[in-house]
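Residue-level structure breakdown
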Amino acid sequence: MSESTMFTGAGPEKVYYDALKAGTFQIQRCGACTKHVFYPRVICSHCGSPNLAWVTPSGNGTVYSTTIVRRKADAGGDLNIALIDLEEGVRMMSRVDGIPFDQISIGMAVKASIVTENAQTMIIFTPAGDAQ
């Protein structure tokens, strides 16, 4: 990689988590192919362009897949893990809160929110619309 094409500045993962800590959910959008990108990266995963800008997504999504990880109570109890497709076309791993785990279903409409737990800020989803 030549010096002129090297990435400089704060890494995209740090920018993403700093924005979350400040209360803003952001993903990247490519200025070349106009597709959205998530997980944060230096170049577009669709076209290879380094022309990525931060944008605020709608936060609306759909459950693509869900599972329950069974754990003992002393290990924190059961945990739900979900893959969520955002309206912008990216998929992210998270969880769905606000309803019993066995009521989370593929295709369910969900809405993103920022939470802080155990000093870690993250995106979680809750049922949207009639699913609440």
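Heads up: these notes are all about the structure in this document. Residues take numbers from 1 onward in each chain, read along the sequence in its written order. Predicted model: local features are reported for residues with pLDDT of at least 70 only, side-chain atom pairs are reported and counted for 80 or more only, and whole-chain, interface and lining totals are derived from all residues. No hydrogens and no water enter the side-chain calculation; it runs on all heavy atoms of the structure.

**Examining the sheet that holds strand β3 (residues 52-55)**
The strands making up a sheet associate through hydrogen bonds between their backbones, and the pairing can be parallel or antiparallel. Strands are treated as partners if at least two bridges between them are detected by DSSP. Strands are runs of DSSP state E lasting at least two residues, helices are runs of H or I lasting at least four, and both sets are numbered from the N terminus onward. Strand order in the open sheet formed by 3 strands is β2-β1-β3, and the pairing between neighbours is antiparallel. In this open sheet, the two edge strands, each paired with only one partner strand, are β2 (36-37) and β3. By the bridge criterion, 4 bridges tie strand β1 (residues 27-30) to β3 in an arrangement that is antiparallel. Note on β3: the bridge partner recorded for Arg-29 is Ala-53.

**Focus on the sheet that holds strand β4 (residues 60-69)**
Sheet architecture is open: 5 strands sit in the order β6-β5-β4-β7-β8, paired in antiparallel fashion. Single-partner strands in this sheet number two, and they are β6 (91-94) and β8 (120-127). The sheet shows a mean angle of 35 degrees between the axes of neighbouring strands, taken without regard to direction. Of the pairings in the sheet, the one linking strand β7 (residues 109-117) to β8 comprises 8 bridges and is antiparallel in character. Residue pairing in the sheet places Glu-117 in a bridge with Gln-120 of β8. A fitted line through C-alpha atoms represents every axis, and for helices the fit uses only the stretch in contact; the resulting angles, taken between N-to-C directions, go from 0 to 180 degrees.

**Brief notes about the pairing of β4**
For β4 and β7, the ladder comprises 3 bridges, and the chain directions are antiparallel. Each bridged residue has a counterpart across the sheet, and for Gly-61 the counterpart in β7 is Val-110.

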